[in-house]
Amino acid sequence: MGVGKSTVGALVAERLGCAYRDTDDDIVAAQGRTIADIFLDEGESAFRAIEKRAVREALAGHDGVLALGGGSILDADTRALLAGHQVVYLSMDVEEAVQRTGLNAARPLLAVNPRRQWRELMEARRPLYTEVARAVVATDGRTPDEVARAVLDAVELKEA
């Protein structure tokens, strides 16, 4: 959350000359409401089912840079689908997250005690991110352009 995946993903796609897509945007468009509203109205498990379908459809029908919601890797089927793709995990620490997002209430998983919840989410998710990622790129203290360049460099090195 707040790592810059949408901004960096769009920059990477532009530099590669391909299309960019974000499954969070797909979900909002298909559902006609925000992710926060889906969480509030239907709960996390319903949202995760919607997210799983969105990721599966995007992976099957998109041939460019794809940004996934941070919790999408919680699903084992999704992780298996990602195995055949160039996955880059954008990482950051909690202090950077606070600076970037303020850990605001628009993020439903961080509504109460955001710093602690962010740390707990990352402790649970980090091993899953690294499981599916071919490269890890730290975003701390970097501009989106610097991160995009690091992503391109990391993917190029992993292909060699």
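Treat the numbers as computed from the prediction; the structure is a model and nothing was measured.

1. Considerations on the overall build of the protein
So, point 1. Along its length, the protein carries eight helices and four strands.
So, point 2. What you see in the protein, going N to C, is helices and strands ordered as α-β-α-α-α-β-α-β-α-α-β-α.
So, point 3. Looking at the protein residue by residue over its 160 residues, the buried ones come to 39%.
So, point 4. Contacts spanning at least 24 positions in sequence make up 68% of the contacts within the protein whose residues lie at least 6 apart.
So, point 5. Carbon and sulfur atoms make up 51% of the accessible area of the protein, which totals about 8500 Å².

2. So, helix H3 (residues 35–42)
So, point 1. The complete set of buried residues in H3 reads Ile 35, Ile 38 and Phe 39. The buried residues of H3 occupy an angular sector of 100 degrees when projected down its axis, which confines them to one face. Seen from the buried face of H3, the exposed residues on the opposite side, beyond 90 degrees, are Leu 40 and Asp 41.
So, point 2. At its buried positions, H3 is contacted by helix H2 (23–31) and helix H4 (44–61).
So, point 3. Phi turns positive, to about 95 degrees, at Gly 43, one or two residues after H3.

3. Quick word on the packing of H3 against H4
So, point 1. Taken N-terminus to C-terminus, the directions of H3 and H4 make an angle of 130 degrees; their axes are 7 Å apart at the nearest point. On the basis of the axis angle, H3 is oblique to H4. Two secondary-structure elements touch here, H3 through Ile 35, Ile 38, Phe 39 and Glu 42 and H4 through Glu 44, Ala 46, Phe 47, Arg 48 and Ile 50.
So, point 2. Class assignment for the residues of the contact of H3 with H4 results in six nonpolar, no polar and three charged.

4. Let's talk about the nonpolar core
So, point 1. With 17 residues, the main nonpolar core has Val 8, Val 12, Leu 90, Val 137, Val 147, Ala 148 and Val 151 as its most contacted residues.
So, point 2. Only helix H1 (5–16), strand E4 (135–138) and helix H8 (144–159) provide two or more residues apiece to this core.
So, point 3. Leaving out residues up to four positions away in the same chain, Ala 148 has contacts with Val 8, Leu 11, Val 12 and Arg 15.
So, point 4. Membership of the second largest hydrophobic core comes to 12 residues, among which are Val 55, Leu 59, Leu 128 and Tyr 129.

Reading guide: rules and limits
Residues numbered from 1 in each chain as written. Predicted model: local features only at pLDDT ≥ 70, side-chain atom pairs only at ≥ 80, totals over all residues. Heavy atoms only, no water. Helix = DSSP H or I, 4+ residues; strand = E, 2+ residues; numbered from the N terminus. Buried < 20%, exposed > 50% of the residue type's maximum accessible area, 1.4 Å probe, protein only. Contact = heavy atoms within 4.5 Å. Areas by Shrake-Rupley, 256 points an atom, 1.4 Å probe, with all protein chains shown as cover. Arc of directions from axis to C-beta. Axes fitted to C-alpha atoms, helices over the stretch in contact; angles between N-to-C directions. Parallel < 35°, antiparallel > 145°, perpendicular 65-115°, else oblique. Nonpolar A, V, L, I, M, F, W, Y, C, P; charged D, E, K, R; others polar. Core = buried A, V, L, I, M, F, W, Y, C linked by side-chain atoms within 4.5 Å.

Scope: geometric values only; no functional claims are made or implied.
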